Amino acid sequence: MSAVASNTVITARNLRKAYRSKLALNDTSFDIEAGRIIGLIGPNGAGKTTALKAILGLVPFEGDLKVLGMDPRKQRDELMNDVCFIADVAVLPRWIKVKEAIDFVDGIHPRFDRAKCERFIANTQLNPNLRVREMSKGMIVQLHLALVMAIDAKLLVLDEPTLGLDILYRKQFYQRLLEDYFDEQKTIIITTHQVEEIEHILTDVMFIRDGKIVLTAAMDEVADRYTEVLASADNVEAARALKPIDERSLPFGKTVMLFDGAPREQLAAFGETRNPGLADLFVAIMKGTYA
Amino acid sequence: MNAVTTHNHKTNTFKWLLKREFWENRGGFLWAPVITGAIVSLLTLVLAVIGLVRFNQSHAGDSMRFDGSLAEHARQIGGIGDTALLVGISLTTLVLAFVVFFYALGCLYDDRRDRSVLFWKSLPASDLQMVLSKASWALLLAPIISIVVGVAIGIVLWVIIGAAAALAGMPNASAIFTHANPFSVIGNTLTIVPVYLLWALPAVGWLMLCSAWARSKPFLWAVLLPVLACVMVSMVGILPGTDINYGRIWYTLVYRGLMSVVPGSWAPASSAFENNMQHAQNSDIQGPADLMRLMNVSNLDVLGSADLWIGAAIGAAFIALAIYLRRWRELAD
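Residues numbered from 1 in each chain as written. Chains lettered and ligands numbered in written order. Predicted model: local features only at pLDDT ≥ 70, side-chain atom pairs only at ≥ 80, totals over all residues.

Scanning chain A from N- to C-terminus turns up 11 helices and 13 strands. Projected onto the principal axes, the alpha-carbon positions of chain A cover approximately 70 × 45 × 40 Å. Burial analysis of chain A (291 residues in total) assigns 42% to the buried set. Long-range pairs, those at least 24 residues apart, make up 70% of the contacts in chain A with a sequence separation of at least 6. (Helix = DSSP H or I, 4+ residues; strand = E, 2+ residues; numbered from the N terminus. Buried ≥ 20, exposed ≤ 12 C-beta atoms within 10 Å, placed from the backbone. Contact = placed C-beta atoms within 7 Å.)

Written out as C-alpha cells, the structure reads:
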C-alpha cells in the first residue's frame, strides 16, 4: 500500500454546508499532505469550525471528502482509530478523575500508550485522584493534551486549543506538541486566532473566508511571495505604483506596505524589506470582511 | 502499510463504556439505594429499641399468653420475615424508578450541554455502542444493583424485627426466621429483572429519545408532550358525537410511555396478579403470611401479554432513533 499511496491525508472537493441561510462552506476544495502542520486561519464565522467538523464526521455536508481514504460521514467509527481531536478547551467531563480518564482511553483506544501519557502527567501538577471540576482551565488542557499526545494518531485536529489560557500555558502547549508529538508520519491541523503564537510552528497555512479557501501555501512560499517594505515618506508614491495589497502608516512619516509577488530587489529601492508576519498578511487579505 | 511505530493493544470498548457510566452515575446507581436502606434500617432499629424499652416498662414481669393453633401462628409469624424482606426490596426498587427516569432523561443530553460529548466523540467508540451502554444500565444493570441492595436491606430489617420480637418475649418469635420463605421471595424478586427490561423499554426508550433530541429542557419535552397530547384528546371528547377510549390513550402514552420505569407497574397487565386479587376475600387475610401470598406473585406471566411485547418493540425503535440522533445531533444550548 505504501508504495502507491499518495501522501495525501485529506482531499476535499466542493464541500457545501449551509446553516439556515448562511453558507458555512461554499464549494470549498483543498488538499492536505501528510507530515505537515497546517494553520487554518479565518475571521469569525468564516467556516473554520464547520470545515473541521466535516473532517471529523460531526456534521452532515455535501461534496466529496476523503480523510485517510475514508468518508467521514459513512466511516466515522473506523476513522476515529486514526484521527484525534481537541475540539475546544474544557470539554473534558467535569466528574472524571485523572486516573479514570487514563483508564478509559487506555481501555478503548488501541493506539494509546499508557506509559507515555503517565510520563506527560508526571511533568505537571496533576495527580491521579484529581477531578476535572477541581482543575484550572490550564490544567484541564494539560490533561487533555497528555491523553491526546499518547495516542498514535495519523491526524490530529485542534480547534482553538488554547483559547482562554494564559501565555505560559499557551507556549507550553505548542512546545509540547512540537517536541514530543509531531513527526513526519503525523499531520496536525490547527485553528486559532492567536496567529502570532503558532506561525513559527506551522509548515503550511490556509486562509478561509466566507466558506472559501482564499490562500493556501507552504510557509516558505509565503515568505517568497509576500514582501513588506518600510517606505520613507518620499518613496511612498513610487512604491504605490507597484500596487501594494495593504499599507499602514507608522509614526515619523514611515509607511509599511505589503506587496504580493513584487520582486524583492525592486522593492529594496524604497526602503528596508522583510518577510511579513502572518497576522499582517491575514489582515491584508481579509480586509473588508466585516464591512 | 509500513509497520512503523504503531503499537496496537487489545481493547474492550463496551466493558469500558459500562464502567464509564458507573463512574459518572455511582450516586444514583449505588449510593441512592444504599443510603435509603441505611436510613430506613437505622429508623427501624431506633423504633425497635424504643418499642422494646416501652414494652418492658409496661409489661415487666408479664408473660405473653397465646392460644390457638401453633402451626398457623408460626406460619403468620414467618410471614413477618417475608414482609421485611419485601419491604427492603420495594424500597430500593422505588428508588430505582426515580434513578432510571432521570438517568435516561439526562444520559444523552447532559454531555451535549457541557460539551463533553466532543471528548467522547474524539475516541473510537461508536454512537451505537455508547447509546447501548447507557440503555444497558437503565434496563439491566441498575435494576440488578437495586435488587441486590434491596435484598441486603430486607435481611437487615428482618434481623432487627426478629431480634426485637424475641427480646420482647413474643411467643414462638423464632418462627420469624424458621417459618419464613426467603428463597421464594428472592426468587420472585429475581424475575423482576427480565420483566423490567422489557416492560420499561418503551418508557426508557422515549426518555432517551428526548434526551438525544432536545436542544434544551428534555424534561419538559418528555413529560409535557404525552401529557398534553392526552389532555387535548380528552378535551376533544367533550364535543358531542366523539367516541374515544380515553383510558387506552392515557394508559398508552402516559402509563406505558413514562410510568413504566416503576418496577411492578406491570401488575395491572399481569393475569396472575389479577386472579390473585379477585379471589382474595377479606376473610382470607388473617396475617402477614396471607398478605404475602397475595403480593408475592411471580412476575413472569406478564411475559405472555401482547402489551409488554408491543411496548418493547416500540421502545427498541425509540432507542434506534436515539442512536441516529446521537450520531448527527449537535450540541445542546
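This next bit is on the overall build of chain B. Secondary structure assignment for chain B yields 14 helices and zero strands. When the elements of chain B are put in sequence order from the N terminus, they spell out α-α-α-α-α-α-α-α-α-α-α-α-α-α. With 333 residues in all, chain B has 38% of them scored as buried.

Turning to the sheet that holds strand β10 (residues 226-231) of chain A, a few remarks are in order. Think of a sheet as strands paired side by side through backbone hydrogen bonds, with each pair either parallel or antiparallel. Residues and elements named next belong to chain A. Taken in spatial order, the four strands make up an open sheet running β11-β12-β10-β13, and their pairing is antiparallel. Lying at the two open borders of the sheet, with one neighbouring strand each, are β11 (246-249) and β13 (271-274). Direction aside, neighbouring strands of the sheet carry axes that sit 20 degrees apart on average. Pairing of β10 with β13, which is carried by four bridges, proceeds in the antiparallel orientation. The residue of β13 that forms the bridge with Ala231 is Gly271. Of the strands in this sheet, β10, β11 and β12 (255-260) touch helix α11 (residues 278-285), which is tilted by about 75 degrees from β12. (Pairing = 2+ DSSP bridges. Axes fitted to C-alpha atoms, helices over the stretch in contact; angles between N-to-C directions.)

Turning our eyes to something else, we now look at the sheet that holds strand β1 (residues 8-19) of chain A. All names here are of chain A. One open sheet holds the three strands; their spatial order is β2-β1-β4, and the pairing between them is antiparallel. In the strand order of this sheet, the two ends are held by β2 (22-33) and β4 (62-67), each with one partner. On average, each strand axis in the sheet is inclined to that of its neighbour by 15 degrees, with strand direction left out of account. Here nine bridges tie β1 to β2, and the two strands are oriented antiparallel to one another. Across the sheet, Tyr19 pairs through a bridge with Lys22, a residue of β2.

Looking now at the interface of chain A and chain B. Taken together, the contacts link 27 residues of chain A with 28 residues of chain B. Looking at the side of chain A that touches chain B, the elements that each hand over two or more residues are β5 (83-86) and α3 (98-108) of chain A. With five residues, the top contributor of residues to the side of chain A that touches chain B is α3 of chain A.

Bringing the packing of helix α9 (residues 201-213) of chain B against helix α10 (residues 218-236) of chain B into the picture now. Residue and element names in this part refer to chain B. Running from amino to carboxyl end, α9 crosses α10 at an angle of 140 degrees, the nearest separation of the two axes being 8 Å. Taken together, the axis directions place α9 and α10 in an arrangement best described as oblique. Seen along the crossing, α9 lies across α10 with a hand that is right-handed. On α10, the residues touching Trp206, Leu207, Cys210 and Ser211 of α9 are Pro218, Trp221 and Ala222. Grouping the amino acids of the contact of α9 with α10 by side-chain chemistry returns six nonpolar, one polar and no charged. (Parallel < 35°, antiparallel > 145°, perpendicular 65-115°, else oblique. Left-handed = near helix turned anticlockwise from the far one by under 90°. Nonpolar A, V, L, I, M, F, W, Y, C, P; charged D, E, K, R; others polar.)

For the rest of this paragraph, the subject is unusual backbone geometry. Most peptide bonds adopt trans geometry, and most residues besides glycine take a negative phi value. In this structure, Glu160 of chain A takes a positive phi of about 50 degrees despite not being glycine. With respect to the helices, strands and loops of the structure, Glu160 of chain A is situated in the loop between β6 (155-159) and α6 (167-181). For Arg115 of chain B, which is not glycine, the phi torsion reads 70 degrees and is therefore positive. Here Arg115 of chain B falls in the partly exposed class, since 17 other C-beta atoms lie within 10 Å of it.

Let us look at the domain arrangement of chain A. Residues and elements named next belong to chain A. Here the domain parsing of chain A yields domain 1 (8-210) and domain 2 (222-285). Inter-centroid distance (C-alpha atoms) of domain 1 to domain 2 is 35 Å. Each side of the interface is counted separately: domain 1 has six residues, and domain 2 has six residues. Among the elements of the structure, α7 (195-198) and β8 (204-209) are those that each provide at least two residues to the side of domain 1 that touches domain 2. Looking at side-chain class alone, the side of domain 1 that touches domain 2 contains four nonpolar, no polar and two charged residues. (Domains from an automatic or database assignment.)

Core analysis: the largest hydrophobic core is formed by 163 residues, its most contacted members being Val83 and Val157 of chain A together with Val100, Ala104, Val204, Leu207 and Met208 of chain B. Ranked by residues supplied to this core, first place goes to helix α5 (residues 127-167) of chain B with 16 residues. Excluding anything up to four places from it in sequence, Leu207 of chain B contacts Phe101, Ala104, Leu105 and Ala222 of chain B. (Core = buried A, V, L, I, M, F, W, Y, C linked by C-beta atoms within 7 Å.)

All right, on to the environment of Ala222 of chain B then. Residues and elements named next belong to chain B. With respect to the helices and strands, the residue Ala222 is situated in helix α10. Ala222 sits in the buried class, given 25 other C-beta atoms within 10 Å. For the pair Ala222 and Ala173, spaced 49 residues apart in the sequence, the C-alpha separation amounts to 50 Å. Leave out the neighbours within four places in its chain, and Ala222 touches Leu105, Trp206, Leu207 and Cys210.

In the predicted model, chain A carries a mean pLDDT of 89, and 96% of its residues have values of at least 70. Within chain A, no element has a lower average pLDDT than helix α9 (residues 236-240) of chain A, which sits at 85, and none a higher one than α3 of chain A, at 96. (pLDDT = per-residue confidence, 0-100.)

Below, the discussion takes up the pairing of β8 of chain A. Residues and elements named next belong to chain A. The element β8 is extensively covered by neighbouring structure, given that six of its six residues are classed as buried. Side chains Asp204, Met206 and Ile208 project from β8 onto one buried face, and the interleaved Val205, Phe207 and Arg209 project onto a second face that is buried too. Strand direction decides the pairing type here: strand β3 (residues 37-41) and β8, joined by four bridges, are parallel. Among the inter-strand pairings, Gly39 is bridged to a residue of β8, identified as Val205. In this sheet, strand β9 (residues 212-218) lies alongside β8 in antiparallel orientation, the contact comprising six bridges. Residue Phe207 lies in a different strand from β9, and its bridge partner there is Leu215. From the end of β8 to the start of β9, which pair antiparallel, there are two residues, and Asp210 there has a positive phi angle of about 50 degrees.

Listed as buried for helix α8 (residues 192-199) of chain B are Ile192, Val195, Tyr196, Leu198 and Trp199 of chain B. At its buried positions, α8 of chain B is contacted by α5, α7 (182-190), α9 and α14 (306-328) of chain B.

Looking now at the packing of α5 of chain B against α9 of chain B. Residues and elements named next belong to chain B. For the pair α5 and α9, the least separation of the axes is 11 Å and the interaxial angle reads 140 degrees. Compared by their axis directions, α5 and α9 come out oblique. Crossing of α5 against α9: the hand is right-handed. Between α5 and α9, the contacting residues are Lys134, Ala135, Ala138 and Leu139 on the first element and Leu201, Val204 and Met208 on the second. By residue class, the composition of the contact of α5 with α9 is six nonpolar, no polar and one charged.

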